[in-house]
Amino acid sequence: MGLWLLLLLLHFHLVLCVFLPAPFNVSISSFNLEHTLSFLPGAQTPSDASFTVQVLRSRKNSWRPVAACLELKAGQMCNLTKAFKDLFDHYRARVQAVTPNKTSNWTVSGWFQPVSDTVLGPPDLSVSGCGNCLILQLRLPAATVLRQNLQLKDLYREFVFHVQRTRDGTQFRLNLPYEEETVITYLQPGVEYCVTVSVTSLFSSITVPSKPQCAFTSPPSRRSSFPVVFSLVGVFSVLAFLLMGLVVYGSQLSFKLLSQRIPRTLVTHPTVSAGTCKIKCSLSHQNLL
């Protein structure tokens, strides 16, 4: 009887202590070799529950607690950057919910290799014009020593620049080694170009490009309104010349019409005047005699 009672108490102890809802959606994400573990608490997990994290290396096959992630609260994440010391090894992580008198089952993540599963972000990019060219300046993320004096920039193979002309969308691509400053020549002066940059790596194929950075090769011409002004001046000049031409032509036409009528008057009146003068002169001469 005592044995059965002991087994019954042990059963109730296991039910009360073990069957706490287990966490779920346990996953590892990484950006520029900064590794983060995230998870969600199981349904009806008590508000006073905390969560503990352990990691496993494939080469050692033993779970080890993560010192900074022994008493996490719901919604918190665990930074595994220091726990994943070997970039080329494979790791797993597991999470357990804990209360003062209960624990849950462990929930285990998938395998993760830092060097191949990290997302490589772009460097900071600035663009400025230099006449018929663009000056591209790169600034790498803060240098972090990863292992055996290996730094993040050592994982880069080359930089991919996508250049697009804003005016018509014409674009081209350049694959170049790392330089703090790069000059792209033989571009159109006074034209705006937008540039994005991404990286390629021998180990990771997961990369994201930078946001477009735009600049004019040289300042846009301030005389862009001059052609319009010149066109308006030309139109008004042509109209003025046409108006002047109409005035001149009209005056010439009026003169011709007037001149055609004036000679008839002039021919008739001088004849009469001459004849009158001749008669008067003859009479005067006769009177004298």
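Residues numbered from 1 in each chain as written. Predicted model: local features only at pLDDT ≥ 70, side-chain atom pairs only at ≥ 80, totals over all residues. Heavy atoms only, no water.

### Considering the layout of surface pockets
- In this structure, the largest pocket occupies an estimated 320 Å³ of space.
- Looking at the largest pocket, the residues that line it are Val 55, Arg 57, Lys 60, Arg 64, Pro 65, Val 66, Ala 67, Asn 79, Lys 82, Ala 83, Lys 85 and Tyr 91.
- Among the secondary structure elements, those contributing two or more residues to the lining of the largest pocket are β3 (50–57) and β4 (63–65).
- Grouping the constituent residues of the lining of the largest pocket by class yields six nonpolar, one polar and five charged. (1 Å grid on protein atoms, 1.4 Å probe; cavity = no way out; pocket = protein on both sides within 12 Å on 5 of 7 lines; lining within 4 Å. Points joined across faces, edges and corners; volume = space filled by probe spheres on them. Helix = DSSP H or I, 4+ residues; strand = E, 2+ residues; numbered from the N terminus. Nonpolar A, V, L, I, M, F, W, Y, C, P; charged D, E, K, R; others polar.)

### Describing the pairing of strand β2 (residues 34–40)
- Going residue by residue along β2, you find His 35, Leu 37 and Phe 39 tucked away on one face and Glu 34, Thr 36, Ser 38 and Leu 40 left uncovered on the opposite face.
- Bridge count between strand β1 (residues 24–31) and β2: six bridges; the pairing is antiparallel. Bridged to Phe 24 within β2 is Leu 40.
- Looking at chain direction, β2 and strand β5 (residues 78–79) are connected through two bridges and run antiparallel. From the neighbouring strand, Thr 36 faces β5, where its bridge partner is Asn 79. (Buried < 20%, exposed > 50% of the residue type's maximum accessible area, 1.4 Å probe, protein only. Pairing = 2+ DSSP bridges.)

### Focus: the sheet that holds strand β9 (residues 124–129)
- The antiparallel open sheet is built from three strands, whose spatial order is β9-β10-β15. The two strands at the open ends of the sheet, each matched to only one other strand, are β9 and β15 (181–184). Across the sheet, the mean angle separating the axes of adjacent strands is 20° when strand polarity is ignored.
- For β9 and strand β10 (residues 134–139), the ladder comprises six bridges, and the chain directions are antiparallel. Bridge pairing in β10 places Val 127 opposite Leu 136. (Axes fitted to C-alpha atoms, helices over the stretch in contact; angles between N-to-C directions.)

### Examining the packing of aromatic side chains
- Considering all chains together, one arrives at six aromatic pairs under this definition.
- Measuring from ring centre to ring centre gives 5.0 Å for Phe 39 and Phe 51, while their planes differ by 50°; the resulting arrangement is tilted. Residue Phe 39 is located in strand β2, and its partner Phe 51 is located in strand β3; the two are separated by twelve residues in the primary sequence.
- When the centroid spacing of 5.5 Å and the interplanar angle of 70° are considered together, the rings of Tyr 156 and Phe 159 count as edge-to-face.
- When its relative accessible area of 1% is taken as the criterion, Phe 159 is described as buried.
- Three or more aromatic residues joined by ring pairs form one cluster here, namely Phe 84, Tyr 91 and Phe 112.
- If you follow Arg 94 out to its NZ or CZ, it ends over the ring of Trp 106, 4.2 Å from the centre. (Phe/Tyr/Trp six-rings, centres within 6.5 Å; stacked < 30°, edge-to-face > 60°. Lys NZ or Arg CZ within 6 Å of the ring centre and 35° of its normal.)

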